[in-house]
Amino acid sequence: MTTVRIPAGWPATEEEARAVQDELRARVVLDEPGPAPGSGHVTGVDVAYDDEHDVVAAAAVVLDAATLDVVAEATAVGRISFPYVPGLLAFREIPTVLAALDALPCPPGLVVCDGYGRAHPRRFGLASHLGVLTDLPTIGVAKNPFTFTYDAPATPRGSWTPLLAADEELGRALRTRDKVKPVFVSVGHRVTLENACAHTLALTPEYRLPETTRRADSLCREALKEAAL
DNA sequence: GCGACAG
DNA sequence: ATCTTGTCGC
């Protein structure tokens, strides 16, 4: 488990953070298909907090995309770098997530984030931000619709409907289990929406949430417990 | 002006 | 995100 410091020059105000998003947004790549679903590595990242002690723990778990077996994992802990503000989640998670990714012994392949990518007030959510900083292919799989609207997808797993902001399609509400609430998929960086959904389905043979985020979620919680920063 | 709002 | 046991249902 590695330890991280908040980077020098990290945004201190919401205004600064929004300016960073507006600045980096131009670097997002949307015209690459991304890795083929079901092959190579797929890495889940997630973060857990202890606001009481100002501690944050992140985990990165690499899976074999074909078997979903764990190939490698890493964790990092640090100080909370930003308050939770809807639309600015990335500033709270990214320093620790980057440290966890850096600590991996192998290439992450596609990175699956807990949250949004292009589906974001300024089209630059966590998954896009992480993608631009690492240049890795990234997608976002969120548990809630945030500010977006959608119609319920049909009952069977694999059904989907567009995720909309006004009339703009920014992602998909994708059903990963029959009759269960859908997840909300959006593109991060260097992956197509079509492929992002295919990856999400490949990662959900049994549960609503991708194996990547399930594994990363439990690992970062463990790391948080053992953190005595 | 008020309410809603990824994690 | 986090506080938290048992419990209804497939």
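Residues numbered from 1 in each chain as written. Chains lettered and ligands numbered in written order. Predicted model: local features only at pLDDT ≥ 70, side-chain atom pairs only at ≥ 80, totals over all residues. Heavy atoms only, no water.

I'd like to hear about the protein's contact with DNA strand B, residue by residue, with values.
By nearness alone, 18 residues border DNA strand B, and Y84, G87, Y116, K143 and N144 come closest of all. Restricting attention to atoms of DNA strand B within 4 Å of the protein, one finds that 47% of them are sugar or phosphate atoms. In the model, a phosphate oxygen of DNA strand B is placed 3.0 Å from a nitrogen or oxygen of the Y84 side chain. Here a base nitrogen of DNA strand B sits 3.1 Å away from a polar atom, N or O, in the main chain of G87. In terms of residue class, the surface near DNA strand B is built from seven nonpolar, six polar and five charged. (Near = heavy atom within 4 Å. Polar contact = N/O pair within 3.5 Å; in protein donor to acceptor, adjacent residues only side chain to side chain. Nonpolar A, V, L, I, M, F, W, Y, C, P; charged D, E, K, R; others polar.)

Describe the sheet that holds strand β1 (residues 2–3), listing the residues and the values that go with them.
One open sheet accounts for nine strands, arranged β1-β4-β3-β2-β5-β6-β9-β8-β7; its pairing is mixed. The sheet is open, and its two borders are formed by β1 and β7 (160–165), each paired with just one other strand. With three bridges connecting them, strand β8 (residues 168–174) and strand β9 (residues 183–189) associate as antiparallel partners. Bridging from a neighbouring strand, A173 pairs with F184 of β9. On top of the sheet, helix α3 (residues 126–134) reaches β2 (41–50), β5 (110–113), β6 (138–142) and β9; it is set at about 160 degrees to β6, its chief contact. (Pairing = 2+ DSSP bridges. Helix = DSSP H or I, 4+ residues; strand = E, 2+ residues; numbered from the N terminus. Contact = heavy atoms within 4.5 Å. Axes fitted to C-alpha atoms, helices over the stretch in contact; angles between N-to-C directions.)

Tell me about the packing of helix α2 (residues 90–102) against α3, and name the residues and values.
A pair of packed helices can be characterised by two numbers: the angle between their axes and the separation between those axes. In the contact formed by α2 and α3, the axes pass within 10 Å of each other and the chain directions differ by 45 degrees. The orientation of α2 relative to α3 falls into the category oblique. Where α2 crosses over α3, the two elements pack in a sense that is right-handed. Here α2 contributes A90, F91, E93, I94, V97, L98 and L101 to the contact with α3, which in turn contributes L126, H129, L130, L133 and T134. Residue composition of the contact of α2 with α3, grouped by class: nine nonpolar, two polar and one charged. (Parallel < 35°, antiparallel > 145°, perpendicular 65-115°, else oblique. Left-handed = near helix turned anticlockwise from the far one by under 90°.)

Now, about the UniProt feature "binding site: Mg(2+)" (unreviewed entry) in chain A: what can you tell me, with residues and values included?
UniProt's entry tags D46 and D114 with the feature "binding site: Mg(2+)" (unreviewed entry), counted in the numbering of this structure. Spanning 69 residues, the annotated positions come together in the fold, the maximum distance between their C-alpha atoms being 6.3 Å. Topologically, D46 is positioned in strand β2. The buried category is assigned to D46, whose relative accessible area is 6%. Apart from the residues within four sequence positions on either side, D46 is in contact with A57, A58, A59, D114, A216, D217 and C220. With respect to the secondary-structure elements, D114 resides in the loop between β5 and α3. Looking at D114, the relative accessible area reads 17%, which means it is buried. Leaving out residues up to four positions away in the same chain, D114 has contacts with V45, D46, L89, L126, V141 and K143. At a separation of 3.0 Å, a polar atom in the side chain of D114 contacts the side chain of K143. (UniProt positions renumbered as here; feature names shortened; annotations may be inferred. Buried < 20%, exposed > 50% of the residue type's maximum accessible area, 1.4 Å probe, protein only.)

How would you summarise helix α1 (residues 14–24) if you had to cite specific residues and measurements?
Taken together, the buried positions of α1 are A17, Q21 and L24. Projected down its long axis, α1 carries its buried residues within an arc of 80 degrees, all on one side. Away from the buried face of α1 by more than 90 degrees, exposed residues E15 and E23 are located. Among the structural elements, α2 and α3 are those in contact with the buried residues of α1. (Arc of directions from axis to C-beta.)

Residues and numbers for the UniProt feature "site: Interaction with target DNA" (unreviewed entry) in chain A, please.
Per the UniProt annotation, the sites labelled "site: Interaction with target DNA" (unreviewed entry) are Y84. Along the chain, Y84 turns up in the loop between β4 (70–79) and α2. Residues in contact with Y84, not counting those within four places in the same chain, are L89 and R92.

How would you explain the protein's contact with DNA strand C if you had to name every residue and give the values?
If you check the shell around DNA strand C, you find A48, Y49, K143 and R221 and nothing else. In this structure, K143 approaches DNA strand C through a side-chain N or O atom, which is 3.0 Å from a phosphate oxygen. Tallied by class, the residues present in the surface near DNA strand C amount to two nonpolar, no polar and two charged.

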